[in-house]
Every structure is written in structure tokens, then in C-alpha cells.
Amino acid sequence: MADNSNLLAEQRRALILDEVRRRGGVRVNELTKRLNVSDMTIRRDLDALARAGVIEKVHGGAVVVEEARTHEPGFEAKSSLELSAKEEIALAAARLVSPGSAIALSGGTTTFALAQHLTEIEQLTVVTNSVRVADVFERARGTGAPGATVVLTGGVRTPSDALVGPVADRAIRSLHFDLLFLGTHGLSPEAGLSTPNLAEAETNRNFVASARRVVAVADHTKWGIVGLSTFAELAEVDTWVTDTALPAEAAEAAREHVRELILAG
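The following refers to the structure shown. (Residues numbered from 1 in each chain as written. Predicted model: local features only at pLDDT ≥ 70, side-chain atom pairs only at ≥ 80, totals over all residues. Heavy atoms only, no water.)

1. Description of the packing of helix α1 (residues 9-23) against helix α2 (residues 28-35)
Alright, step 1. Put simply, α1 and α2 touch, their axes get as near as 12 Å, and they point 130° apart. Between α1 and α2, the angle falls in the class oblique. With respect to the hand of their crossing, α1 and α2 are arranged in right-handed fashion. Residues Arg 12, Leu 15, Ile 16, Glu 19 and Arg 23 of α1 form the contact with α2, whose participating residues are Glu 30, Leu 31, Arg 34 and Leu 35.
Alright, step 2. For the contact of α1 with α2, the per-class residue count stands at four nonpolar, no polar and five charged. (Axes fitted to C-alpha atoms, helices over the stretch in contact; angles between N-to-C directions. Helix = DSSP H or I, 4+ residues; strand = E, 2+ residues; numbered from the N terminus. Parallel < 35°, antiparallel > 145°, perpendicular 65-115°, else oblique. Left-handed = near helix turned anticlockwise from the far one by under 90°. Contact = heavy atoms within 4.5 Å. Nonpolar A, V, L, I, M, F, W, Y, C, P; charged D, E, K, R; others polar.)

2. A look at the pattern of salt bridges
Alright, step 1. On inspection of all chains with the given rule, the structure shows 13 salt bridges.
Alright, step 2. For Asp 47, the salt bridge goes to Lys 57, with nearest N and O atoms at 2.6 Å. On the criterion of sequence distance, the pair formed by Asp 47 in helix α3 (residues 39-51) and Lys 57 in strand β2 (residues 55-58) is long-range, its members being 10 residues apart.
Alright, step 3. Given a relative accessible area of 30%, Asp 47 falls into the partly exposed group.
Alright, step 4. You can call Lys 57 partly exposed: its relative accessible area is 38%.
Alright, step 5. It is possible to trace a salt-bridge network through shared partners that takes in Glu 19, Arg 23, Glu 30 and Arg 34. (Salt bridge = Lys/Arg side-chain N within 4 Å of Asp/Glu carboxyl O. Buried < 20%, exposed > 50% of the residue type's maximum accessible area, 1.4 Å probe, protein only.)

3. Observations concerning the sheet that holds strand β1 (residues 25-27)
Alright, step 1. The strand order across the open sheet formed by three strands is β1-β3-β2, and the pairing between neighbours is antiparallel. Both edges of this open sheet fall to β1 and β2, since each of them pairs with a single strand only. Within the sheet, the average angular offset between the axes of one strand and its neighbour, ignoring direction, is 20°.
Alright, step 2. Note: β1 against strand β3 (residues 61-64), three bridges, orientation antiparallel. Bridging across to β3, Gly 25 finds its partner in Val 63.
Alright, step 3. Sheet strands in contact with α2 are β1 and β3, and its direction is about 75° off that of β1. (Pairing = 2+ DSSP bridges.)

4. Some points on the packing of helix α8 (residues 166-173) against helix α9 (residues 198-209)
Alright, step 1. Between α8 and α9, the shortest axis-to-axis distance is 9 Å and the interhelical angle comes to 5°. When the axis of α8 is compared with that of α9, the two are roughly parallel. Mapping the contact onto sequence places Ala 168, Asp 169, Ile 172 and Arg 173 in α8 and Glu 202, Thr 203, Asn 206 and Phe 207 in α9.
Alright, step 2. Per-class residue counts for the contact of α8 with α9 are three nonpolar, two polar and three charged.

5. Some details on the environment of Gly 165
Alright, step 1. Assignment of secondary structure puts Gly 165 in the loop between β8 (163-164) and α8.
Alright, step 2. Here Gly 165 falls in the buried class, since its relative accessible area comes to 8%.
Alright, step 3. In sequence terms Gly 165 and Leu 15 are 150 residues apart; their C-alpha atoms lie 37 Å from each other.
Alright, step 4. Dropping the residues within four chain positions of it, Gly 165 is found in contact with Ala 199 and Thr 203.

6. Some remarks on α3
Alright, step 1. Taking 1.5 Å as the rise per residue, α3 with 13 residues should run 18 Å; its terminal C-alpha atoms sit 18 Å apart, in good agreement.
Alright, step 2. Looking only at α3, the buried set comprises Thr 41, Ile 42, Asp 45, Leu 46, Ala 48 and Leu 49. The buried residues of α3 occupy one face: seen down the axis, they fall within an arc of 160°. Residues Met 40 and Arg 51 are exposed on α3 and point more than 90 degrees away from its buried face.
Alright, step 3. Looking at the packing, one finds that the buried side of α3 touches α1, α2, β2 and β3.
Alright, step 4. Just past α3, the residue Gly 53 takes up positive phi, approximately 80°. (Expected span 1.5 Å × (residues − 1). Arc of directions from axis to C-beta.)

What follows is the structure, encoded as C-alpha cells:
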């Protein structure tokens, strides 16, 4: 059976991941029929998702990974997931930024995507604890982009390439931002925004306390995920920018807590 050329690999893998999470497990033959692709294509998709640590391959299919609340995937593993959704979210979030603003970007793959759309905005001051985000602005400076004044906090590096701990916390507490763009491991009505990393949770709390407006940037797969430590209640989020794959019931629940919900795409 020929591969379905109308469905990109990342879109197909997103559908597979959603199905595994919804049902707890899937079989290869079910996926080949549903997606109209070959067994080999599905097995490659399952291999890619397994390498990212979001599913577990079993004989004939795959099952959901029951992650510990302390499990923290690395930046590279997370960067391969939901690429289209992150790009749509980044584009929508970038429209919230005005020239001359003082903004903060936390660590994460979605804030990394956002940073790449902010390099053409003039006279920005950017505070970040993300090594990856700081690198985006540094590279842009060499291409003749308007550039930004970038403040990179110090701290201890996490698996997601964020700098956290007392040094980062002190730096953030001394500053004030017009806008904070906040990545998160998970969001839920009960636990709010959470992360597996205790030190990152404290650093993010300081980000929230220093911001006039808090914007969460997180794709639909983060809904219902709960990490070890909460760093913000949903009610503390002014705007959540997510993608249109967020289920209607989740959107309804989110609107009861956040002030504004933007579905990008």
C-alpha cells in the first residue's frame, strides 16, 4: 500500500499519539487502515514516537507511556513533537508583541519557536532563562535583523535547556515585564501549570510574579498533564495560546479559568 502523500509525517504521528493517549493503546493493522498507509510507514512512525519517549512499542502496536510526575523529557525529544501546532502558536503569540516592549520567555520548545518570530520586532528587551532562546536572538543579530537587548539569567541547566535555581530567581525578581510567554509541561483545572522540575517551578513562579501579563504557550497535548510541581494556577494566566486540535470540552473548561483563549491555526 502506498503512503498517503496528503498527510505529513508529523501530522500522522500527532494523530497516532492522540489515538494512543485516548485509547491507551493501538495496533499497527488498525492504524494502517485508518491512515491508509503501509505497515512499514506506521512502524517508522511508532519508532519515532518511541524514541521521543511518548509511547512504548509492544508486539503488534504501541501503548501509552505512564510517565512519573518527575519525568522530564529533554529538549531534543520534545522538539520533534507537534511541530505544526507549535509554529501556529508561535505565529499567533508573536502578534501580541509590540515594538519597544519588555518581554520574558521561559524555557521550552514552544517559546523557542516563538523567539524565531520575534527577531524582526524593533527595540525589544528580552529576558529569558532559555539558552536556546538566547541563541536565536544572537544568531539573528548576525543577519542584520533589528536585534534585541537580551538578558540571559544565570543558573543550573535543566534537561530542557532552561537555567533555574537561586541565581536565576534573584535576577528575575529584580525585573518587570510587559509580557511573559510561559511554556509548561502540563495544564489542568486542578493542578494549573506544572513541571516535573522543582527548581524550574520556583523560577517560573518568579517569572509570573514579575509580569504584567502572563501568556501561556502550549499545544493541545499538554491539557490534562500534571507534573510534580504547580507554578501557576490557571486563573493567573491572562491568555493561553494553543492550537485548534484542543477538544471542545477542554476549551470550554479552560475558558472558565483563563481570561482569554486563542486557538491558533
